[in-house]
Amino acid sequence: AQKVTQAQTEISVVEKEDVTLDCVYETRDTTYYLFWYKQPPSGELVFLIRRNSFDEQNEISGRYSWNFQKSTSSFNFTITASQVVDSAVYFCALSEVNQGAQKLVFGQGTRLTINP
Amino acid sequence: DAMVIQNPRYQVTQFGKPVTLSCSQTLNHNVMYWYQQKSSQAPKLLFHYYDKDFNNEADTPDNFQSRRPNTSFCFLDIRSPGLGDAAMYLCATSRDQQGTQYFGPGTRLTVL
């Protein structure tokens with residue numbers, strides 16, 4: 001069965017610090033997708049990134065960067081120079097295709113608090 | 001412009017009183033999903049529609065039903081809400097089975 005583990009339940013840092021959110025996954029599929037979503041207090045899940053299993057290149061988008069390593073089944077997310085607006089719950093997710101649609105398996109989420 | 005819209009954002013209902021939550025999308029996506037998210041938990045998939053084909057998750061209670069009258073709209077019906085059904089309900093869409101899921105703002109349901 002597929003599984004996503006986000007070992008860090010809560011992280012609290014001071015603004016401008018760098019912070020890394022860990023994500024470890026388990027799957028027997030050779031083709032899969034990994035995602036990160038952000039959930040601010042308003043409740044909406046905001047899509048951040050999707051990565052397919054054949055693309056291990058790291059990605060950078062502004063202050064956000066992602067490190068995908070198949071050898072350790074990890075897909076970690078780093079925020080550089082954190083800001084108060086980054087405060088949210090972040091979910092890592094793994095997808096499987098089932099019955100014609102993509103089923104997301106979510107980790108339990110990491111609550112990130114950026115203090116001024 | 002909002003692409004996945006959920007109404008209402010907040011819904012209060014009484015124990016046992018049927019309630020319907022609404023989701024609409026302007027993306028013309030083929031797949032629509034309903035998730036339940038309880039406090040401090042990850043979203044849990046209830047069911048999804050691939051075009052008109054309905055797919056229920058094995059552990060979704062019979063109390064939860066869904067309708068998709070056209071491509072743009074999908075409804076979640078809770079026939080007899082219990083206190084345990086209080087949660088955030090999230091709608092998502094994807095272009096096809098390989099596509100990224102985009103979520104709406106959610107409807108927070110309170111059961112009194």
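Look up a bit, the structure's there.
Criteria and cut-off values
Residues numbered from 1 in each chain as written. Chains lettered and ligands numbered in written order. Predicted model: local features only at pLDDT ≥ 70, side-chain atom pairs only at ≥ 80, totals over all residues. Heavy atoms only, no water. Salt bridge = Lys/Arg side-chain N within 4 Å of Asp/Glu carboxyl O. Helix = DSSP H or I, 4+ residues; strand = E, 2+ residues; numbered from the N terminus. Buried < 20%, exposed > 50% of the residue type's maximum accessible area, 1.4 Å probe, protein only. Pairing = 2+ DSSP bridges. Axes fitted to C-alpha atoms, helices over the stretch in contact; angles between N-to-C directions. Phe/Tyr/Trp six-rings, centres within 6.5 Å; stacked < 30°, edge-to-face > 60°. Contact = heavy atoms within 4.5 Å. Buried area = accessible area lost by both parts, 1.4 Å probe. Polar contact = N/O pair within 3.5 Å; in protein donor to acceptor, adjacent residues only side chain to side chain. Nonpolar A, V, L, I, M, F, W, Y, C, P; charged D, E, K, R; others polar. Disulfide = S-S within 2.5 Å.

Draft legend 1. Spotlight on the pattern of salt bridges. All chains considered together, the criterion is met by 7 salt bridges over all chains. Residues Asp77(B) and Arg67(B) are paired through a salt bridge, measuring 2.7 Å at the closest nitrogen-oxygen approach. Note that Asp77(B) is positioned in strand 8 (residues 73–78) and Arg67(B) in strand 7 (residues 64–67), a separation of 10 residues in sequence. Residue class for Asp77(B) comes out buried when judged on its relative accessible area of 13%. Linked through salt bridges whose partners overlap, the residues forming this network are Arg51(A), Asp55(A) and Glu59(A).

Draft legend 2. Representation of the sheet that holds strand 8 of chain B. All names here are of chain B. Spatially, 1-3-8-7 is the arrangement adopted by the 4 strands of the open sheet, whose pairing is antiparallel. Strands with a single pairing partner mark the edges of an open sheet, and in this sheet they are strand 1 (4–7) and strand 7. Mean inter-strand twist for the sheet, computed between neighbouring axes without regard to direction, equals 20°. Where strand 3 (residues 19–25) and strand 8 come together, 6 bridges link them in antiparallel fashion. In the strand pairing of strand 8, Ser22 is matched with Phe75.

Draft legend 3. Structural detail: the pairing of strand 8 of chain B. All names here are of chain B. Among the 6 residues that make up strand 8, 5 are buried, leaving the element largely enclosed by the rest of the structure. Strand direction decides the pairing type here: strand 7 and strand 8, joined by 4 bridges, are antiparallel. Directly across from Gln65, in strand 8, lies its bridge partner Asp77. Where strand 7 folds back on strand 8, the antiparallel hairpin that results is connected by 5 residues.

Draft legend 4. Representation of the packing of aromatic side chains. Tallied over the full model, the rule gives 21 aromatic pairs over all chains. Residues Tyr37(A) and Phe106(A) carry aromatic rings whose centres are separated by 6.2 Å and whose planes lie at 50° to one another, so their mutual orientation is tilted. Of this pair, Tyr37(A) sits in strand 5 (residues 33–39) while Phe106(A) sits in strand 11 (residues 101–106), and the two are 69 residues apart along the sequence. The exposure classification of Tyr37(A) matches that of Phe106(A), with both residues buried. Measuring from centroid to centroid gives 5.3 Å for Tyr37(A) and Phe103(B), while their planes differ by 85°, and the two rings are edge-to-face. Taken as a pair, Tyr37(A) in strand 5 and Phe103(B) in strand 10 (residues 102–103) lie in two separate chains rather than in one. You can call Phe103(B) buried: its relative accessible area is 5%.

Draft legend 5. Molecular detail of the interface of chain A and chain B. Facing the 22 residues of chain A at the interface are 24 residues of chain B. Here chain A meets chain B over a buried area of about 1900 Å², counting both sides, of which 49% is carbon and sulfur. Across the contact surface, chain A and chain B share 1 salt bridge. Note that Lys103(A) is salt-bridged to Glu57(B), the shortest N-O span being 2.8 Å. Where chain A touches chain B, the interface holds 5 residue pairs in polar contact (both at pLDDT 80 or more). Residue assignment for the side of chain A that touches chain B shows that the elements contributing at least two residues are strand 5, strand 6 (46–52), strand 10 (88–98) and strand 11 of chain A. Tallying contributions element by element places strand 11 of chain A first for the side of chain A that touches chain B, with 5 residues. Of the residues belonging to the side of chain A that touches chain B, the class tally is 10 nonpolar, 9 polar and 3 charged.

Draft legend 6. Examining the state of the cysteines more closely. The tally for this structure, following the rule as stated, stands at 2 disulfides over all chains. Put simply, Cys23(A) and Cys92(A) are joined by a disulfide, and their sulfur atoms are 2.0 Å apart. Of note, the bridge from Cys23(A) to Cys92(A) carries an S-S torsion of about -65° and is left-handed in sense. One end of the pair, Cys23(A), is in the loop between strand 3 (19–21) and strand 4 (24–26); the other, Cys92(A), is in strand 10, with 69 residues separating them in the sequence. The disulfide partner of Cys23(B) is Cys91(B), and the S-S distance across this bridge is 2.0 Å. Here Cys23(B) and Cys91(B) share a disulfide; its torsion about the S-S bond, -70°, makes the bridge left-handed. Residue Cys23(B) is located in strand 3, and its partner Cys91(B) is located in strand 9 (residues 87–94); the two are separated by 68 residues in the primary sequence. You can call Cys23(B) buried: its relative accessible area is 0%.

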